[in-house]
Amino acid sequence: MGELMKGFMLSRQLPESEKARFQNKEIADGLQGALPAISLVGEAALMTAFCNDCNPDLVFAQQVYGYGKENDLLIAISTSGNSENVLKAIEVAKCIGVKSLALTG
C-alpha cells in the first residue's frame, strides 16, 4: 500500500497550484501525489477485537462496510480464490457500491 501513497518508480510531485496552498516550502516540495489506500490486514487492534467478539470470516467485510464509499475500489487477493473472509468482503463491497478487483492464484 505504501507505494500507492507516494511515487513508485518516479516521484509524483505536486502541481504548482497545489504547492501554493502551503506556506512551508519544505512541506510543499516534500509531499507527493497519493492514491488513497488502506491495507485491511494492517489494523491489528480492530482485527483482534472483531475476531474475539464476532464471526472472524466477516473481519474484512466489516472493514469494507466501515471504510468503503460508493465508487471506491476493493482489491481482493486470495491465492485459492476461495477464502471466505475475502469473498464476504467482496459481497459487502458489491452491496454498498464499491467496485472489486480480485487477484487469485
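Residues numbered from 1 in each chain as written. Predicted model: local features only at pLDDT ≥ 70, side-chain atom pairs only at ≥ 80, totals over all residues. Heavy atoms only, no water.

## A few points about the environment of Glu-18
Inference 1: Secondary-structure assignment places Glu-18 in helix H1 (residues 16–19).
Inference 2: Spatially, the C-alpha atom of Glu-18 lies 8.1 Å from that of Ala-28, the residues being 10 residues apart in sequence.
Inference 3: A polar contact of 2.9 Å, which involves the side chain of Glu-18, links it to the side chain of Arg-21. (Helix = DSSP H or I, 4+ residues; strand = E, 2+ residues; numbered from the N terminus. Polar contact = N/O pair within 3.5 Å; in protein donor to acceptor, adjacent residues only side chain to side chain.)

## What to know about the side chain of Gln-63
Inference 1: Examined against the element boundaries, Gln-63 turns out to sit in helix H4 (residues 59–67).
Inference 2: Gln-63 gets classed as buried once you look at its relative accessible area, which sits at 2%.
Inference 3: At 3.2 Å, the side chain of Gln-63 and the backbone oxygen of Leu-40 are in polar contact.
Inference 4: Aside from chain neighbours lying at most four places away, what touches Gln-63 is Leu-40, Glu-43, Leu-46, Met-47 and Gly-68. (Buried < 20%, exposed > 50% of the residue type's maximum accessible area, 1.4 Å probe, protein only. Contact = heavy atoms within 4.5 Å.)

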